[in-house]
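Spelled out from the first residue to the last, the chains are:
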Amino acid sequence: MNWNAVAGRFAPPARLAVIGDPIAHSRSPQMHNPALRACGIDAQYVRVQVPQGRVAEAFRQFARCGFLGVNITIPHKFEALDAVDVLDPLARQLGAVNTLAIRDGRLHGYNSDGPGFLRSVKEAFGVEVKDLRVLILGAGGGAGRAVAVQSALVGCRSITLANRTLDKALAVMREIREIGNVPLVGVVEMDDAHLAYQMSGCDLVVNATSLGMKSADTKLLPADSIEARHLVFDMVYRADGETPLLADARLAGAKTVDGLTLLLHQGAISFEHWFDRPAPLEVMREGLRNA
Ligand SMILES: NC(=O)c1ccc[n+]([C@@H]2O[C@H](COP(=O)([O-])OP(=O)(O)OC[C@H]3O[C@@H](n4cnc5c(N)ncnc54)[C@H](OP(=O)(O)O)[C@@H]3O)[C@@H](O)[C@H]2O)c1
């Protein structure tokens, strides 16, 4: 493909992108393009489908075409770790790169999902993760591991890791114990009885599984284990309504937030890496609302 010809078709010129496979569903352009316009930056943010195994090659092409930065989504966040020249220590610790900044031809890799999670909790619930007892469903996946490690780095009160494949949660538990900031770290099977028991001792529950896009998806928690005092964070979001977990949480009177808030805050942090200035958060929020 002649990348220069493709990039040249855009006005303003394509200088930022999100890569994934598939990628057509991504709402990131609707969030970033209004932000670029609001800040008077002559650049456009586009979606680019990149197959697995081609991330390093794509990064070099972006650099050659004068791109400033890239967001990386499923399934490329791990491959991107090895495709950058300079890896931010937080991205190394969280085990994934979702933001690339290209400076003087050098590829700098960051993770904005972890810090975006902290900002989302603060904005949605008015509390800091460090003050909470956290239960993570899907703690063995990429997003769940990032949330778990980020929560450990800020020294939250306790972490319980639940995952369908228990070995993956056990591996995350060992990493968190090595960080050494959290007094209580445990692993639990993902069945109703164990999860209901764990709910009684947690403040914040995070869905980091890939379940919840469809109303018919298996329920993650027994509905009667959710109390009004719980803070319920679903990393998944749906264009056509609430996830089943958030519907149950709302009925229980709990406070809720969905993955769109995380998308917003991780996007704002990426913008800060690219332009070294605060992101126009409300413009980005409005862009996502209209998407
Ligand atoms: N809002 C945002 O900005 C944002 C950012 C990042 C991720 N996310 C969302 O977070 C979710 C997870 O992403 P990821 O990158 O972590 O994916 P991933 O690495 O593929 O992990 C998927 C997780 O879901 C679990 N899972 C899958 N099917 C399951 C089932 N039937 N029952 C129980 N658990 C099941 C997996 O368990 P096993 O380990 O047993 O397979 C694993 O823990 C996705 O929906 C993604 O869209 C949202």
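Residues numbered from 1 in each chain as written. Predicted model: local features only at pLDDT ≥ 70, side-chain atom pairs only at ≥ 80, totals over all residues.

Let's shift gears to the overall build of the chain. Regarding its fold elements, the chain presents 11 helices and 12 strands. Whereas a compact globule of 291 residues would reach a radius of gyration of roughly 19 Å, the chain reaches 19 Å, a difference of no more than 12%. Considered along the principal axes of its C-alpha atoms, the chain spans approximately 60 × 40 × 35 Å. Counting every position in the chain, which comprises 291 residues, the buried fraction comes to 47%. In the chain, 67% of the contacts between residues at least 6 apart in sequence involve partners at least 24 apart. (Helix = DSSP H or I, 4+ residues; strand = E, 2+ residues; numbered from the N terminus. Rg over C-alpha atoms; globule rule 2.2 N^0.38 Å. Buried ≥ 20, exposed ≤ 12 C-beta atoms within 10 Å, placed from the backbone. Contact = placed C-beta atoms within 7 Å.)

Turning next to the packing of helix 5 (residues 113-125) against helix 10 (residues 259-275). At a minimum axis separation of 8 Å, helix 5 and helix 10 run at an interaxial angle of 125 degrees. What the angle tells us is that helix 5 and helix 10 run oblique. Like other packed secondary-structure pairs, helix 5 and helix 10 cross with a definite hand, here right-handed. From helix 5, Asp113, Pro115, Gly116, Phe117, Arg119, Ser120, Glu123 and Ala124 reach across to helix 10, where they touch Thr261, Leu262, His265, Gln266 and Ile269. Considered class by class, the residues forming the contact of helix 5 with helix 10 number five nonpolar, five polar and three charged. (Axes fitted to C-alpha atoms, helices over the stretch in contact; angles between N-to-C directions. Parallel < 35°, antiparallel > 145°, perpendicular 65-115°, else oblique. Left-handed = near helix turned anticlockwise from the far one by under 90°. Nonpolar A, V, L, I, M, F, W, Y, C, P; charged D, E, K, R; others polar.)

A word on the pairing of strand 8 (residues 158-162). Along a regular strand, successive side chains alternate from one face of the sheet to the other. Summarising burial for strand 8: four of the five residues are buried, a large majority. Bridge count for strand 7 (residues 133-137) against strand 8 is five bridges, and the pairing is parallel. Counted as the bridge partner of Leu137 is Ala162 from strand 8. With helix 6 (residues 142-153) bridging strand 7 and the parallel strand 8, this β-α-β connection has right-handed handedness. Of the pairings in the sheet, the one linking strand 8 to strand 9 (residues 184-188) comprises five bridges and is parallel in character. In the sheet register, Leu161 faces strand 9, and the bridge partner there is Val187. In this fold, strand 8 hands off to helix 7 (residues 166-179), which returns the chain to strand 9; that crossover is right-handed. (Pairing = 2+ DSSP bridges. Right-handed = clockwise from strand over helix to strand, strands pointing away.)

Lining the immediate surroundings of the ligand are 25 residues, of which Gly141, Ala143, Arg164, Thr165 and Gly259 lie closest. Looking at the shell around the ligand, the elements with two or more residues in it are helix 6 and helix 10. Top contributing element to the shell around the ligand by residue count: helix 10, with four residues. Residues lining the shell around the ligand come from more than one domain, with at least three contributed by each of domain 1 (3-111 + 262-290) and domain 2 (114-257). (Near = placed C-beta within 6 Å. Domains from an automatic or database assignment.)

Here the focus is unusual backbone geometry. Residue Asp21 is joined to Pro22 through a cis peptide bond whose omega torsion reads 5 degrees. Tracing the sequence through the fold places Pro22 in the loop between strand 1 (14-20) and helix 2 (28-38). Note the cis peptide between Ile74 and Pro75, where omega equals 5 degrees. Its identity is not glycine, yet Asp104 carries a phi of approximately 50 degrees, on the positive side. Relative to the helices and strands, Asp104 is located in the loop between strand 5 (99-103) and strand 6 (106-110). On the neighbour-count criterion, Asp104 (5 C-beta atoms within 10 Å) is exposed. Within the chain, Asp276 stands out as a residue other than glycine whose phi angle is a positive 50 degrees. Position of Asp276 relative to the elements: it lies in the loop between helix 10 and helix 11 (281-290). A tally of 8 C-beta atoms within 10 Å means that Asp276 is categorised as exposed.

Glancing now at the sheet that holds strand 8. Taking strand neighbours across the sheet as the criterion, the six strands line up as 9-8-7-10-11-12 in an open arrangement whose pairing is parallel. The sheet is open, and its two borders are formed by strand 9 and strand 12 (255-257), each paired with just one other strand. With direction set aside, neighbouring strand axes in the sheet form an average angle of 15 degrees. Where strand 10 (residues 204-207) lies against strand 11 (residues 231-234), four bridges are found, and the strand directions are parallel. Bridging across to strand 11, Val206 finds its partner in Phe233.

Another point: the domain arrangement of the chain. We note that the domain assignment places domain 1 (3-111 + 262-290) and domain 2 (114-257) within the chain. The straight-line distance from the C-alpha centre of domain 1 to that of domain 2 is 27 Å. Between domain 1 and domain 2, the residue contacts involve 12 residues of the former and 12 residues of the latter. Residue contributions to the side of domain 1 that touches domain 2 peak at four residues, all from helix 10. Grouping the amino acids of the side of domain 1 that touches domain 2 by side-chain chemistry returns six nonpolar, five polar and one charged.

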